[in-house]
Amino acid sequence: MAIKLEKGQRINLEKSNGNKLQNICVGVNWGAIEKKNWLGIKSMEAVDLDASCATFDANNNPMEVIYFGNLKSKNGSIRHSGDDLTGDMGGDDGLDNEVITVDLAKLPAEVDKIVFVLNSFRGHDFKTIPFASIRIYEGTPSRVNEIFATYDIANDATFAGSVSMVMGVFYKRNGEWKFNAIGESTRDRDLQSTLATVISKYL
């Protein structure tokens, strides 16, 4: 059963059968915003959320950033599915709009932390974005084998008024990978400033 993540919760990366997760997907799902004009005619306004991650060594020195402008790490152990510029235009299709995959076994040995962040590229307030959610699972961008944990953005009032958030941090402890569900909004307006906040506050 998937865990509903709570802020500050730290969890082991273990499947229901007791094996450790190795191939992890962090997926973000969201919808376009329905608008009505003065005649009552409906239209859909595109929403562009951007999932990104950054790797750090044991001394918290930044290594790589994987985002819509750099879709994979140098050795291919982290991959981004590509930039979704609109969100689901016809309602929730049940699929994630952007997925970042991590092969923990192929990560360079010096990678000690992987931080995941989310930014609203056009400045849409998180509270206005339909069914925005995050899930961590084993599988591929198009196939979910086992959902490991979920995080609900759309129904969390603490994200109201924000356009950036820190999703969480994968980190190594005694040679094993764990996950810290941070789930906090920031006052930042773009990826660069959000990562600066990560370095100063969350590592």
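The structure we're discussing is the one just above.
Below is a short write-up of the structure. In this numbering scheme, every chain counts its residues from 1 along its sequence in written order. The model is predicted, so local features are restricted to residues of pLDDT at least 70 and side-chain atom pairs to those at 80 or more, both for listing and for counting; the totals for chains, interfaces and linings are taken over all residues. Only heavy atoms go into the side-chain values, all of them from the structure, while hydrogens and water stay out.

Overview of the overall build of the chain
Each helix and strand in the chain was counted, giving one helix and 15 strands. Relative to a compact globule of 203 residues, whose C-alpha radius of gyration would be 17 Å, the chain shows 17 Å and is just as compact. For the chain, the spread of C-alpha atoms along the three principal axes comes to 60 × 35 × 30 Å. Counting all 203 residues of the chain, 49% fall into the buried class. Numbered from the N terminus, helices here are DSSP runs of H or I no shorter than four residues, and strands are runs of E no shorter than two. The globule rule used for comparison is 2.2 Å times the number of residues to the exponent 0.38, while the radius of gyration itself is calculated over C-alpha atoms. Exposure classes here rest on a 1.4 Å probe applied to the protein chains alone. A residue is buried below 20% of its type maximum, exposed above 50%, and partly exposed in between.

Examining the side chain of S52
With respect to the helices and strands, S52 occurs in strand β6 (residues 49-56). Its relative accessible area of 1% is what places S52 among the buried residues. When neighbours within four sequence positions are excluded, S52 is seen to be in contact with I66, Y67, I100, V115, F116, V117 and L191. The contact definition used throughout considers only heavy atoms, calling two residues in contact when any of these lie within 4.5 Å.

Brief notes about the packing of aromatic side chains
Pairing of aromatic side chains here covers Phe, Tyr and the six-membered ring of Trp, requires ring centres within 6.5 Å, and sorts the geometry by plane angle: under 30 degrees stacked, over 60 edge-to-face, intermediate tilted. Counted according to the given criterion, the structure contains five aromatic pairs. Aromatic pair F126 and F159: ring centres 6.2 Å apart, planes at 80 degrees, arrangement edge-to-face. Taken as a pair, F126 in the loop between β10 (113-120) and β11 (133-140) and F159 in the loop between β12 (143-152) and β13 (164-173) lie far apart in primary sequence, 33 residues in all. When sorted by exposure, F126 lands in the same class as F159, which is buried. Members of the aromatic cluster, joined through ring pairs, are Y67, F68 and F121. Consider the ring centre and the ring normal. A charge sits over the ring if Lys NZ or Arg CZ is within 6 Å of that centre and within 35 degrees of that normal. When the ring centre of Y137 is taken as origin, the NZ or CZ atom of R135, which lies over that ring, is 5.2 Å away.

Regarding a nonpolar patch on the surface
Patch membership is restricted to residues that have no salt bridge and whose relative accessible area is over 30%. Joining uses 9 Å for like charges and 5 Å for the nonpolar side chains Val, Leu, Ile, Met, Phe, Trp and Tyr. Surface exposure here means Shrake-Rupley accessible area, sampled with a 1.4 Å probe, where a residue is shielded only by the protein chains that are shown. Salt bridge criterion: a side-chain nitrogen from Lys or Arg within 4 Å of a carboxyl oxygen from Asp or Glu. On the surface, W38, L39 and I41 cluster together into a nonpolar patch covering about 430 Å² of accessible area. The topology assignment puts L39 in the loop between β4 (33-36) and β5 (42-45). Look at L39 and you get exposed, because its relative accessible area is 54%.

Comments concerning the pairing of β6
Across a regular strand the side chains alternate sides, sitting on one face of the sheet and then on the other. Extensive coverage of β6 is indicated by the burial of eight of its eight residues. Neither face of β6 is exposed, since L49, A51, C53 and T55 on one face and D50, S52, A54 and F56 on the opposite face are all buried. One requirement defines pairing of two strands: DSSP has to find at least two bridges between them. Where β6 and β10 come together, eight bridges link them in antiparallel fashion. Directly across from D50, in β10, lies its bridge partner N119.

Concerning the pattern of salt bridges
Using the criterion set out here, one finds four salt bridges in the structure. Between R135 and D96 there is a salt bridge, with the nearest N and O atoms lying 2.8 Å from each other. Of this pair, R135 sits in strand β11 while D96 sits in the loop between β8 (78-80) and β9 (98-103), and the two are 39 residues apart along the sequence. This pair shows no difference in class: R135 is buried, exactly as D96 is. With a shortest N-O distance of 2.9 Å, K113 and D112 are connected by a salt bridge. Judged by its relative accessible area of 13%, K113 falls in the buried class.

Considering the environment of F56
When you line up the elements, F56 lands in strand β6. The sequence separation of F56 and R189 amounts to 133 residues, and the corresponding C-alpha distance is 22 Å. Look past the residues within four positions of F56 in its chain and what remains in contact with it is N61, P62, M63, E110, V111, D112, K113, V115, V198, I199 and L203.

Concerning helix α1 (residues 191-201)
Where α1 is concerned, the buried positions are L191, T194, L195, T197 and V198. Axial view of α1: buried residues confined to an arc of 155 degrees, hence all on one face. Summarising the geometry of α1, the exposed residues directed more than 90 degrees from the buried face are Q192 and S200. Against the buried residues of α1 lie β6, β7 (62-66), β10, β13 and β15 (184-186). As used here, the arc is the angular range of directions from the helix axis to the C-beta atoms.

Read these as geometric descriptors, not functional statements.
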